[in-house]
Amino acid sequence: MKAVELNGFEGLSSLQVVDVEQPTPGANEVLLEVKAAGLNFAEIEMTKGKYPAGKKLPFVMGFEAAGVVVDAGAQAKNVKVGDRVTAIVSSGGYAEYATADAGFAIPIPDGVSFAEATTIPIHGVAAYALLKLAAKPQPNESLLIQAAGGGVGLYLVQLAKILGVKKVIALASSTEKTDLVTSLGVDVAINYSHANWADQVREATDGKGVDVVLEAASGDVGAESFKLAAPFGRIVMFGAKNIHDTISSAQIRQLVYQNQSLVGFNIPTQRAEQIADCIPDLLTWIAQGKLKLFANSSFALADVKAAFEALSSRRTIGKVVLIP
Ligand SMILES: NC(=O)c1ccc[n+]([C@@H]2O[C@H](COP(=O)([O-])OP(=O)(O)OC[C@H]3O[C@@H](n4cnc5c(N)ncnc54)[C@H](OP(=O)(O)O)[C@@H]3O)[C@@H](O)[C@H]2O)c1
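Let me sum up the structure you'll find in this document. This one's a predicted model, so the numbers in the text were calculated from it and none came from an experiment.

1. Some details on the overall build of the protein
Thinking step 1. If you tally the helices and strands in the protein, you get 10 helices and 16 strands.
Thinking step 2. A compact globule built from 324 residues would reach a C-alpha radius of gyration of about 20 Å, and the protein, at 20 Å, matches this within 12%.
Thinking step 3. Here the C-alpha coordinates of the protein stretch approximately 60 × 40 × 35 Å along the principal axes.
Thinking step 4. Counting over 324 residues, the protein shows a buried share of 52%.
Thinking step 5. Nonlocal contacts in the protein, meaning residues at least 24 apart in sequence, comprise 68% of its contacts between residues at least 6 apart.
Thinking step 6. A total accessible area of about 14200 Å² is found for the protein, and carbon and sulfur atoms account for 50% of it.
Thinking step 7. One way to put it: in the protein the 28 positive side-chain charges average out to a point 5 Å from where the 32 negative ones average out.

2. Concerning the site of the ligand
Thinking step 1. Taken together, 24 residues surround the ligand, and among them Val152, Ser173, Tyr192, Ala240 and Arg314 come closest.
Thinking step 2. One of the backbone N or O atoms of Ala240 is found 2.8 Å from an oxygen atom in the ligand.
Thinking step 3. A distance of 2.6 Å is found between an oxygen atom of the ligand and a side-chain nitrogen or oxygen belonging to Arg314.
Thinking step 4. About the coverage of the ligand: the protein hides 87% of its 900 Å² of free accessible area.
Thinking step 5. Of all the elements, helix H3 (residues 120-135) adds the most residues to the shell around the ligand, at 3 residues.
Thinking step 6. Its residues assigned to classes, the shell around the ligand shows 13 nonpolar, 9 polar and 2 charged.
Thinking step 7. Counting contributing residues, the shell around the ligand receives three or more from each of domain 1 (2-119 + 293-323) and domain 2 (123-264).

3. Topic: the side chain of Thr119
Thinking step 1. With respect to the helices, strands and loops of the structure, Thr119 is situated in the loop between helix H2 (114-117) and H3.
Thinking step 2. The class for Thr119 is buried, based on a relative accessible area of 2%.
Thinking step 3. Polar side-chain contacts of Thr119 include one of 2.7 Å to the backbone oxygen of Glu116.
Thinking step 4. Once residues within four sequence positions are removed from consideration, Thr119 is found in contact with Gly124, Tyr155, Leu293, Phe294, Ala295 and Lys319.

4. Regarding the packing of aromatic side chains
Thinking step 1. One pass over the full model with this rule turns up 3 aromatic pairs.
Thinking step 2. Ring centres of Tyr94 and Phe308 lie 6.4 Å apart, and the angle between their planes is 70°; this geometry places the pair in the edge-to-face category. Highlighted residues: Tyr94 in the loop between strand E6 (84-88) and strand E7 (97-101) and Phe308 in helix H10 (residues 304-312), separated in sequence by 214 residues. Summarising the burial analysis for this pair, Tyr94 and Phe308 share the class buried.
Thinking step 3. Look at Tyr192 and Trp197: their rings are 6.1 Å apart centre to centre, the planes differ by 85°, and that puts the pair in the edge-to-face class. A single burial state applies to Tyr192 and to Trp197, both of which are buried.
Thinking step 4. In this structure, Arg84 is placed above the aromatic ring of Phe114, and the distance from its NZ or CZ to the ring centre is 4.7 Å.

5. Quick word on unusual backbone geometry
Thinking step 1. Along the chain, Leu57 connects to Pro58 via a cis peptide bond; the corresponding omega equals -15°.
Thinking step 2. Structurally, Pro58 can be placed in the loop between helix H1 (41-47) and strand E4 (59-60).
Thinking step 3. One non-glycine residue, Lys136, lies in positive phi territory at about 45°.
Thinking step 4. Inspection of the secondary structure puts Lys136 in the loop between H3 and strand E9 (142-145).
Thinking step 5. At Asp206, a position not held by glycine, the phi torsion is positive, near 55°.
Thinking step 6. Relative to the elements of secondary structure, Asp206 occurs in the loop between helix H6 (197-204) and strand E12 (210-215).

6. Looking at the sheet that holds E4
Thinking step 1. Spatially, E2-E1-E4 is the arrangement adopted by the 3 strands of the open sheet, whose pairing is antiparallel. Each edge of the open sheet is held by one strand with a lone partner, namely strand E2 (15-19) and E4.
Thinking step 2. As defined by bridge partners, strand E1 (residues 2-6) adjoins E2 across 5 bridges and the pair is classed as antiparallel. The residue of E2 that forms the bridge with Lys2 is Asp19.

7. As for the pattern of salt bridges
Thinking step 1. In the structure shown here, the tally under the stated rule is 9 salt bridges.
Thinking step 2. The partner of Lys35 in a salt bridge is Glu33, and the shortest N-O contact between them spans 3.6 Å.
Thinking step 3. Its relative accessible area of 30% is what places Lys35 among the partly exposed residues.
Thinking step 4. Between Glu64 and Lys319 there is a salt bridge, and its shortest N-O distance comes to 2.5 Å.

8. As for the sheet that holds strand E10 (residues 167-172)
Thinking step 1. Strand order in the open sheet formed by 6 strands is E11-E10-E9-E12-E13-E14, and the pairing between neighbours is parallel. Both outer strands of the open sheet, strand E11 (188-191) and strand E14 (261-264), are each paired with one neighbouring strand and no more. Shown here is a sheet whose adjacent strand axes are inclined to one another by a mean of 20°, direction ignored.
Thinking step 2. Here 3 bridges tie E9 to E12, and the two strands are oriented parallel to one another. The residue of E12 that forms the bridge with Leu144 is Val213.

How each quantity is defined
- Residues numbered from 1 in each chain as written.
- Predicted model: local features only at pLDDT ≥ 70, side-chain atom pairs only at ≥ 80, totals over all residues.
- Heavy atoms only, no water.
- Helix = DSSP H or I, 4+ residues; strand = E, 2+ residues; numbered from the N terminus.
- Rg over C-alpha atoms; globule rule 2.2 N^0.38 Å.
- Buried < 20%, exposed > 50% of the residue type's maximum accessible area, 1.4 Å probe, protein only.
- Contact = heavy atoms within 4.5 Å.
- Areas by Shrake-Rupley, 256 points an atom, 1.4 Å probe, with all protein chains shown as cover.
- Lys, Arg positive; Asp, Glu negative; His and termini not counted.
- Charge placed at Lys NZ, Arg CZ, Asp CG, Glu CD.
- Near = heavy atom within 4 Å.
- Polar contact = N/O pair within 3.5 Å; in protein donor to acceptor, adjacent residues only side chain to side chain.
- Nonpolar A, V, L, I, M, F, W, Y, C, P; charged D, E, K, R; others polar.
- Domains from an automatic or database assignment.
- Phe/Tyr/Trp six-rings, centres within 6.5 Å; stacked < 30°, edge-to-face > 60°.
- Lys NZ or Arg CZ within 6 Å of the ring centre and 35° of its normal.
- Pairing = 2+ DSSP bridges.
- Salt bridge = Lys/Arg side-chain N within 4 Å of Asp/Glu carboxyl O.
- Axes fitted to C-alpha atoms, helices over the stretch in contact; angles between N-to-C directions.

And the structure:
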């Protein structure tokens, strides 16, 4: 079968379309004929050796895929051949076929395309689990979301409003993205490519600062976002770039004197039940039309480098997918 392998850590030049053997499902696994595979920001970092790959080179890339079940192991429960599912995969999603633990296979709701479905297992689950387990915003609080037009960002803005957060402040780098998140119900949308964006955030909170800062940007935006936290606020770090950050003594002083908390978040793979807990609510809100899915950028498997360039260019909105 055709697949995209990573064969080094030199960036996009290390991505190669190759012929590899089709994977075989284990006893608890299903085999998917992949119809769409989703890109994740962390994978840009992975191609440069800046995000743990967890596998030996060369390997087939891709954390997630949506497709049709074409085979199932003897002990695979609740899934049968012919089902449309989306899942975190075990064998690599950028391929014509991929295996996934049957326990991670999420049924694709009616009316949801394979491309849209790729947003659920990582972007959807990460956003919802981050809010429920780490950020825990209260209805009367304000919440700051960076890259709000991105894959996780579009889930965060919608889920925050579904959970009743009073003031959702969304940051994005273009008018197209700020207009979109405004149409999704955010209270304040700010273009953070403008130099005074942090002042605009302060104004939006009447100078009090933000109760919950969701920080994935790192760099200058990360440092400014950190400063925007209100007394007793929480700063939740969850970005692929954050894993290389250091915390300064000025930031520690801020945490101490402002009674703030710094919280880390990653999809809780060590607690599979917490991932599973997120799925029913997400599927209900999708079925009710409260949660819209965005996957407008599709590329053929052979055009994987163009897909990564599009995601890196900051022009894409929502999920970028590969179609085998
Ligand atoms: N901890 C977890 O479990 C978990 C899971 C999934 C994702 N994440 C994190 O969530 C964040 C979003 O991930 P995603 O997969 O949804 O990606 P994404 O937001 O769709 O990534 C693309 C967007 O990121 C923004 N961006 C900011 N700096 C960028 C840069 N240097 N290069 C490219 N884009 C940049 C751009 O939006 P603007 O132009 O509007 O800034 C761009 O459109 C990432 O930091 C990722 O590591 C964490």
